[in-house]
Amino acid sequence: MEPEQRFQRIEAILRDVAERQKQADRRMEAAEARIAKAEVRMERMDQKWDQRFEATRKLVQEGIKFVQRRDQQRDAKFAALVQTVDKLAKTQQALINSLRLGGNGNGRRRG
């Protein structure tokens, strides 16, 4: 094989390699662009998730406060109910005692 033919063959191979490299570079650039878009989408999804998580956290906190207020109100109502029942028991006992010791109203005690 002549040196000129070898040189032309080598140049053809180098051109082919260069063309393939250009195609590979284009594919790589396209892949990098897709990756960049995917990263942007992921960042948006992360932000949405963070917003939803924060909203859920606030809802849970408000729910806890609501339950605590409701429990305090229930405790206050229960305490008032206990006082009312105690008063009722004392009144009932006084009524029972008056009936037991009383009579027909003439003031005489039976014994």
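Throughout this description, residue numbers start from 1 for each chain and increase along the sequence as written. Residue-level local features of this predicted model are given only where pLDDT is at least 70; pairs of side-chain atoms are given and counted only at 80 or more, and the full residue set underlies all totals for whole chains, interfaces and linings. Note: side-chain values were computed over all heavy atoms of the structure, leaving out hydrogens and water.

A. Expanded view of the overall build of the chain. The numbering of helices and of strands both runs from the N terminus, where a helix is a DSSP run of H or I of at least 4 residues and a strand a run of E of at least 2. In terms of helices and strands, the chain carries 1 helix and 0 strands. Relative to the compact-globule value of 13 Å for 111 residues, the chain shows a C-alpha radius of gyration of 47 Å, a clear excess of over 25%. Taken along its principal axes, the extent of the C-alpha atoms in the chain is 150 × 20 × 15 Å. When the 111 residues of the chain are sorted by exposure, 1% land in the buried category. For the chain, the accessible area works out to roughly 10900 Å², and carbon and sulfur atoms hold 56% of it. Note on charges: Lys and Arg go in the positive column, Asp and Glu in the negative column, and His and the chain ends are not counted at all. Each charge is placed at NZ for Lys, CZ for Arg, CG for Asp and CD for Glu. Averaging the positions of the 26 positive and the 17 negative side-chain charges in the chain gives two centres separated by 23 Å. The globule rule used for comparison is 2.2 Å times the number of residues to the exponent 0.38, while the radius of gyration itself is calculated over C-alpha atoms. Each residue is assigned to one of three classes by its accessible area relative to the maximum for its type, calculated with a 1.4 Å probe on protein chains only: buried under 20%, partly exposed between the two thresholds, exposed over 50%. Under the convention used here, a 1.4 Å probe and the Shrake-Rupley method define accessible areas, while residue burial counts only the protein chains that appear.

B. Broad picture of the environment of Leu 99. Following the sequence through the fold, Leu 99 ends up in helix H1 (residues 3–101). With 90 residues separating them in the primary sequence, Leu 99 and Arg 9 have C-alpha atoms 131 Å apart.

C. View of a nonpolar patch on the surface. Patch definition: residues with relative accessible area over 30% and no salt bridge; like charges joined within 9 Å; nonpolar side chains (Val, Leu, Ile, Met, Phe, Trp, Tyr) joined within 5 Å. Any Lys or Arg side-chain nitrogen found within 4 Å of a carboxyl oxygen on Asp or Glu counts as a salt bridge. On the surface, a nonpolar cluster with roughly 370 Å² of combined accessible area is contributed by Phe 78, Leu 81, Val 82 and Val 85. Along the chain, the position of Leu 81 falls in helix H1.

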